[in-house]
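# Tertiary structure, described
Take a look at the letters that make up each chain.
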Amino acid sequence: AQSVTQPDIHITVSEGASLELRCNYSYGATPYLFWYVQSPGQGLQLLLKYFSGDTLVQGIKGFEAEFKRSQSSFNLRKPSVHWSDAAEYFCAVLMNSGGYQKVTFGTGTKLQVIP
Amino acid sequence: KAGVTQTPRYLIKTRGQQVTLSCSPISGHRSVSWYQQTPGQGLQFLFEYFSETQRNKGNFPGRFSGRQFSNSRSEMNVSTLELGDSALYLCASSSDSRPQETQYFGPGTRLLVL
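Notes on the structure in this doc start here. (Residues numbered from 1 in each chain as written. Chains lettered and ligands numbered in written order. Predicted model: local features only at pLDDT ≥ 70, side-chain atom pairs only at ≥ 80, totals over all residues. Heavy atoms only, no water.)

A few words now on the sheet that holds strand β1 (residues 5-7) of chain B. Residue and element names in this part refer to chain B. Taken in spatial order, the four strands line up as β1-β3-β8-β7 in an open sheet, and their pairing is antiparallel. In the strand order of this sheet, the two ends are held by β1 and β7 (64-68), each with one partner. Across the sheet, the mean angle from the axis of one strand to that of its neighbour is 20 degrees, orientation sign disregarded. Summarising the sheet, strand β3 (residues 19-24) and strand β8 (residues 74-78) pair through five bridges and their orientation is antiparallel. By the bridge assignment for β8, V19 is matched with V78. (Pairing = 2+ DSSP bridges. Helix = DSSP H or I, 4+ residues; strand = E, 2+ residues; numbered from the N terminus. Axes fitted to C-alpha atoms, helices over the stretch in contact; angles between N-to-C directions.)

Structure follows, in structure tokens:
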């Protein structure tokens, strides 16, 4: 079955520390991959996306993600976390299902940043 | 440009009623997608409209329907509301229906079904 897994429900990091959020997908074809961020009471904002080409993708707010086909992963990274990065992060995959294209989201990872 | 706007922002309904939510996309955007977000099921894709036609759909029952007008504004309707329909409903717009196009999300409509 096609699915997206974010194994970490909640992550706490210290401000200034590095961050890696994990995302694994199950899909037979080459997927379109996305990372979104949602701040409390807000809609989603696209951080970055991967369709093809260079497997290391740069996004907004200093985030990057690397697509690893062999591991079916698309992990999000940031070298130095700021307090304003505290939010919930969603990995998403665009898949074909039943003749339709639809976006499947992971369950999200809540990031807490401590001083 | 103004962002995606959704009305109303909050709504309380009772079981069995129906509800209509509205989404105004960013000016010039022709594709509108709808999503449901709940604590239990997470974010789920409902459907996408482009040029007044439903292009893609998720796995929701027929009680959930939508439409898009010639000015690209979209409405989502839920009939015979159930308690489980309580959720944040998000709308997103993009310039066209290609997956490469960035989707811009609105703040959502929070629906509570009693």
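Turning our eyes to something else, we now look at empty space enclosed by the protein. By the definition in use, this model includes one cavity of 30 Å³ or more. Here the largest cavity defines a volume of roughly 200 Å³. Surrounding the largest cavity, 20 residues form its lining, L94(A), V103(A), S97(B), P99(B) and Q103(B) being those nearest its centre. Mapped onto the lining of the largest cavity, the elements with two or more residues apiece are β5 (32-38) and β11 (100-105) of chain A together with β4 (31-38) and β5 (42-50) of chain B. (1 Å grid on protein atoms, 1.4 Å probe; cavity = no way out; pocket = protein on both sides within 12 Å on 5 of 7 lines; lining within 4 Å. Points joined across faces, edges and corners; volume = space filled by probe spheres on them.)

All names here are of chain A. With nine of its 11 residues buried, strand β10 (residues 87-97) lies for the most part within the structure. Examined bridge by bridge, β10 and strand β12 (residues 109-114) share three bridges and lie antiparallel to one another. Paired with E88 across the two strands is K110, which belongs to β12. With six bridges joining them, β10 and β11 adopt antiparallel strand pairing. If you follow S97 over to β11, its bridge partner there is Y100. Hairpin connection of β10 to β11: two residues between the antiparallel strands, including G98 at a positive phi of 60 degrees. (Buried < 20%, exposed > 50% of the residue type's maximum accessible area, 1.4 Å probe, protein only.)

Attention shifts here to the pairing of β7(B). Residues and elements named next belong to chain B. As defined by bridge partners, β7 adjoins β8 across five bridges and the pair is classed as antiparallel. Paired with Q68 across the two strands is S74, which belongs to β8. Remark: five residues form the turn of the hairpin made by β7 and β8, two consecutive strands paired antiparallel; S72 in that turn has positive phi of roughly 80 degrees.

Right, let's talk about the state of the cysteines for a bit. Residue and element names in this part refer to chain A. Overall, the coordinates contain two disulfides over all chains when judged by the stated rule. The side chain of C23 participates in a disulfide bridge whose partner is C91; the two sulfur atoms lie 1.9 Å from each other. In this structure the cystine formed by C23 and C91 twists about its S-S bond by roughly -60 degrees; its chirality is therefore left-handed. Of this pair, C23 sits in the loop between β3 (19-21) and β4 (24-26) while C91 sits in strand β10, and the two are 68 residues apart along the sequence. Overall, C23 belongs to the buried group, its relative accessible area being 0%. On the basis of relative accessibility, which here comes to 0%, the residue C91 falls in the buried class. (Disulfide = S-S within 2.5 Å.)

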